[in-house]
Amino acid sequence: MSRKRIRNILLKEWALLFTDLNSAFVITLLPFLIVGQAILYIWVAFRFGGESMLTAQVFQTALQKLVEAMPGVTQLADKEQLLVLLLSQFNLFLLLIPTMIAISVATFSIVDEKLSGSLEALLATPVRTWELLLGKALAGAIPALVMTWISAGIFLLVVSGLGWGDLIGFVVGTGWFLTLFLLTPAVAMLSFMLGVTGSSRAKDPRGAQNTALLIILPVFALIGIQITGIVWFTPSLILVLALVVGIADFITLRAAVRLFGRESIVVEWR
Amino acid sequence: MAIIETFGLSRHFGKTAAVEDLTLAIEAGEVLGFLGPNGAGKTTTIRMLAGMIAPTKGYAIVAHHRTDRDVEQLHEIVGILTQMPGLYNRLSARRNLEYFASFYPSIESQSQVEKYLKLMGLWERRDSKVGTFSKGMKQRLALARALVHEPKVLFLDEPTAGLDPEAAGEVRQLIRTLREEGRTIFLSTHNLSEAEILCNRIAVLHTRLLALDTPEQLRRRFFRRQIIVQLEALDAEVTDKVKKLPFVQEMREEGSQLILELTDSERNRPDLVKAIVETGGRVIGVSEKQYPLEDVYLRLIHEENKNES
């Protein structure tokens, strides 16, 4: 029964999501804006800042980590090594897609229903809190995930189009696939779970969105620590990270169920 | 057999008591009107009985389920029409109902959705988006949603509030149909004539339960039965004769009417008419003075306010 209920919540959420112009815009266009922005940064950094970046201490440390992780890059010229370093950040940059979609979509998923009164009617049915929250989180996470994978494909096409196709072999490896198919789904779920939790606790839509902004900070932190060479995310490290985030997903769901105040939703939102 | 029973049911929000020590029993198949001013605790009571909020003291049993313990089972057998219709405006009427019906394991949702869309007169508009519906249509759809799983008990929280007279009449007619089907209905309303038309018994709540009885018994509690005799013309001989009748307790004249309180309003009526006719009086009609339920309600609330102050 739970599976059927979650599926029904998911299908209803999709029906609402894709009939709302704002949400549809965020889900379909935001990923392309993020990919475009990332490629633009890489191109600008490589085209105009290449020499100075090569001499900067912070990038030398990062390049050293890159060489340790991918010894094959030593065959490349220094500038090409720098380009591989920049392109390798993209898989972490992709994590921004589900988190940003979560901020926009998940944060309103409960608040909207509180405001319209449909949540009170829903809470009068036998639906369980975890079914409701998981259904809502999956309804946002799945399209966000699909868009992330499409964006990754587009990124590779554009990289080839820019004449950097020879470098794709260095960028797309075990770590790339682990990020895309393990870490991204885990981060997507975490983002949406946190978004839905924030939404269920918020007193108003603005409060929901403010809470959700915090979701994006850890992703920036990941990008920051890799590009500055503090830590290089090797496949095994990505695997560990994905597992940790997966456990966090589960804990967040449990916490979200505990924090979901059925009574306060019914009493305070009229 | 009681299908709803409450035992000292109370709910406080902080230091404020919303409902205090509510004890009542409602029979299966009964329609109970729940009256009270704004903030009297009507919605809070409904929410407690529907298992949506827990009491702070006391408990309630609805269809053999403790409302504070067996919440999931309770939600399968009660239906609630909340004050806001709470529908998804961008979805069709059918999709809205299908969604809510999908949470109940024991029903065949497709046929139930069809049944209630037809009953509510919305079948022709089943594929229209709810956002295009009038307020009355939305209310009927919300009522369909409350019924789609064939609940044993139906809670209606101000079902006609904010509707125009035509739409309110349609909703009332639907409630009447449900009553005829023998459903147990707990109807919270501000509309006293609606309560009188639709309900077997009336409960008046003002945080505490002030009264619970049939509309007729409630009237008798405050107003003695008065018989109105409409005469063609009043004359002294008739009034003297009537005044002396042993079963006449009180009498006053109003135009060509005699207003009387009798020992037994039913049994003494023929003797009264006979006595008037024998004295030469010409009787046009005999009726009982009807006090509107509103008068009873206002007296109850007024007395409660006086007690509080």
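Refer to the structure above for everything that follows.
A look at the overall build of chain B
Part 1: When you go through chain B residue by residue, the secondary structure sums to 11 helices and 14 strands.
Part 2: By the compact-globule yardstick of 19 Å for 309 residues, chain B is too spread out, its C-alpha radius of gyration being 24 Å.
Part 3: The burial tally for chain B puts 52% of its 309 residues in the buried class.
Part 4: Long-range contacts, defined here as pairs at least 24 residues apart, represent 67% of the contacts in chain B between residues at least 6 apart.

Some points on the sheet that holds strand β10 (residues 208-213) of chain B
Residues and elements named next belong to chain B.
Part 1: Here 6 strands make up an open sheet; going across it, the order is β6-β7-β8-β3-β9-β10 and the pairing mixed. Two strands in the sheet have a free side with no partner beyond their single neighbour: β6 (78-81) and β10. Going from strand to strand, the sheet's axes swing by 15° on average, the running direction of each strand aside.
Part 2: The sheet strands contacting helix α11 (residues 293-308) are β3 (31-35), β9 (201-206) and β10, and the helix crosses β9 at an angle near 30°.

Considerations on the pairing of strand β2 (residues 16-27) of chain B
All names here are of chain B.
Part 1: Relative to β2, strand β1 (residues 2-13) is paired through 8 bridges, and the arrangement is antiparallel. Across the sheet, the residue bridging to Arg-11 is Val-19, located in β2.
Part 2: Connecting the antiparallel pair β1 and β2 is a turn made up of 2 residues, with Gly-14 showing a positive phi of about 65°.

Focus on the interface of chain B and chain A
Part 1: Taken together, the contacts link 26 residues of chain B with 31 residues of chain A.
Part 2: Taken over both partners, the interface formed by chain B and chain A buries close to 2800 Å², and the fraction arising from carbon and sulfur atoms is 61%.
Part 3: Three residues stand out in chain B for area buried against chain A, namely B:Arg47, B:Arg90 and B:Phe103, and they jointly supply 23% of the buried area on that side.
Part 4: A:Glu120 is the salt-bridge partner of B:Arg47, the closest N and O atoms lying 3.2 Å from each other.
Part 5: Remark: the boundary between chain B and chain A carries 12 residue pairs in polar contact (both at pLDDT 80 or more).
Part 6: When residues of the side of chain B that touches chain A are traced back to their parent elements, those giving at least two are β1, α1 (42-49), α2 (71-77) and α3 (93-101) of chain B.
Part 7: Its residues placed into classes, the side of chain B that touches chain A shows 13 nonpolar, 6 polar and 7 charged.

Focus on the packing of aromatic side chains
Within a pair of aromatic rings, the relevant descriptors are the distance that separates the centres and the angle that separates the planes.
Residues and elements named next belong to chain A.
Part 1: For the coordinates displayed, the defined rule picks out 14 aromatic pairs over all chains.
Part 2: A centroid spacing of 5.1 Å and a plane angle of 45° characterise the contact between Trp-149 and Phe-181, whose relative ring orientation is tilted. Placement of the pair is Trp-149 in helix α8 (residues 129-164) and Phe-181 in helix α10 (residues 174-201), with a sequence separation of 32 residues.
Part 3: With a relative accessible area of 32%, Trp-149 lands in the partly exposed category.
Part 4: Owing to a relative accessible area of 44%, Phe-181 belongs among the partly exposed residues under this scheme.

Considering the side chain of A:Thr184
Residues and elements named next belong to chain A.
Part 1: Looking at the element boundaries, Thr-184 is found in helix α10.
Part 2: A polar side-chain atom of Thr-184 sits 2.6 Å from the main-chain carbonyl oxygen of Thr-179.
Part 3: Each residue touching Thr-184, except ones within four places of it in the same chain, is listed here: Leu-95, Pro-98, Leu-145, Thr-148 and Thr-179.

Regarding the sheet that holds strand β4 (residues 57-62) of chain B
All names here are of chain B.
Part 1: Spatially, β2-β1-β4-β5 is the arrangement adopted by the 4 strands of the open sheet, whose pairing is antiparallel. A single partner strand is all that each edge strand has here, and the edge strands are β2 and β5 (65-66).
Part 2: Strand direction decides the pairing type here: β4 and β5, joined by 2 bridges, are antiparallel. Pairing of Val-62 across the sheet is with His-65, part of β5.
Part 3: Sheet strands touched by α1: β1, β2 and β4. Its angle to β1, the strand with the most contacts, is close to 120°.

What to know about the environment of A:Thr234
Part 1: Relative to the helices and strands, A:Thr234 resides in the loop between α12 (216-227) and α13 (235-259).
Part 2: On the accessibility criterion, A:Thr234 (26% relative accessible area) is partly exposed.

Concerning the environment of A:Ile247
Residue and element names in this part refer to chain A.
Part 1: Inspection of the secondary structure puts Ile-247 in helix α13.
Part 2: Its relative accessible area of 52% is what places Ile-247 among the exposed residues.
Part 3: Sequence separation between Ile-247 and Ala-186 is 61 residues, and the spatial gap between their C-alpha atoms is 8.8 Å.

Some thoughts on the pattern of salt bridges
Pairs can form between side chains of opposite charge whenever their charged atoms are close.
Residues and elements named next belong to chain A.
Part 1: The final tally for this structure, using the stated rule, is 28 salt bridges over all chains.
Part 2: For Glu-13, the salt bridge goes to Lys-12, with nearest N and O atoms at 2.7 Å. Grouping residues by exposure puts Glu-13 and Lys-12 together as buried.

Notes on the layout of surface pockets
Part 1: Its volume calculated, the largest pocket comes out at about 490 Å³.
Part 2: For the largest pocket, the lining is made up of 24 residues, of which A:Leu16, A:Phe108, A:Ser109, A:Asp112 and B:Arg90 are closest to its centre.
Part 3: With 8 residues, the top contributor of residues to the lining of the largest pocket is helix α6 (residues 96-116) of chain A.
Part 4: Grouping the amino acids of the lining of the largest pocket by side-chain chemistry returns 9 nonpolar, 8 polar and 7 charged.

A short note on α10(A)
All names here are of chain A.
Part 1: Given a rise of 1.5 Å per residue, 28 residues ought to cover 40 Å, and the 39 Å separating the end C-alpha atoms of α10 matches this to within 8%.
Part 2: Residue Leu-183 marks the point of greatest curvature in α10, where the axis turns by about 35°; the proline Pro-185 follows within four residues.
Part 3: Within α10, 21 of the 28 residues are buried, leaving the element largely enclosed by the surrounding structure.

The rules we used
- The residue numbers shown here count from 1 along each chain, following its written sequence.
- Going through the entries in the order they are written, you letter the chains from A and number the ligands from 1.
- Thresholds applied to this predicted model are a pLDDT of at least 70 for local features of residues and 80 or more for the giving and counting of side-chain atom pairs; totals over whole chains, interfaces and linings are not thresholded and use all residues.
- For the side-chain quantities, the full set of heavy atoms in the structure was used; hydrogens and water were omitted.
- A helix here means a DSSP run of H or I that spans at least four residues, while a strand means a run of E at least two residues long, and both kinds are numbered starting from the N terminus.
- Atoms considered for the radius of gyration are the C-alpha atoms alone. The globule rule reads 2.2 Å times the number of residues to the power 0.38.
- Residue exposure (1.4 Å probe, protein chains only): buried if accessible area is under 20% of the type maximum, exposed if over 50%, otherwise partly exposed.
- Here a residue-residue contact requires only that any non-hydrogen atoms of the pair lie within 4.5 Å.
- If DSSP finds at least two bridges between two strands, the strands pair.
- Comment: axis = line fitted to C-alpha atoms, over the contacting stretch for helices; angle = value between 0 and 180 degrees taken between N-to-C directions.
- Reported buried area values correspond to the accessible surface (1.4 Å probe) lost by two parts on association, with both partners' losses combined.
- Counted as salt bridges are all cases of a side-chain nitrogen of Lys or Arg within 4 Å of a carboxyl oxygen of Asp or Glu.
- What qualifies as a polar contact is a pair of N or O atoms within 3.5 Å, subject to a donor-acceptor requirement within protein and to the restriction that residues adjacent in sequence count only when both atoms come from side chains.
- Think of it as three bins: nonpolar holds Ala, Val, Leu, Ile, Met, Phe, Trp, Tyr, Cys and Pro, charged holds Asp, Glu, Lys and Arg, and polar takes everything else, Gly as well.
- Classification of ring pairs rests on two measures: the distance between centres of Phe, Tyr or Trp rings, Trp counted by its six-membered ring, which must be within 6.5 Å, and the angle between planes, read as stacked under 30 degrees, edge-to-face over 60 and tilted in between.
- Here a cavity is any set of points on a 1 Å grid over the protein atoms alone where a 1.4 Å probe fits but cannot get out, and a pocket is any open set with protein on both sides within 12 Å along at least 5 of 7 lines; a residue lines the site when it has an atom within 4 Å of a point.
- Grid points are joined across faces, edges and corners, and a volume is the space filled by probe spheres set on the points.
- Given the number of residues in a helix, its expected span is that number minus one, multiplied by 1.5 Å.
- A residue's bend is given by the angle between axes fitted to the 7 residues ending at it and the 7 residues starting at it.

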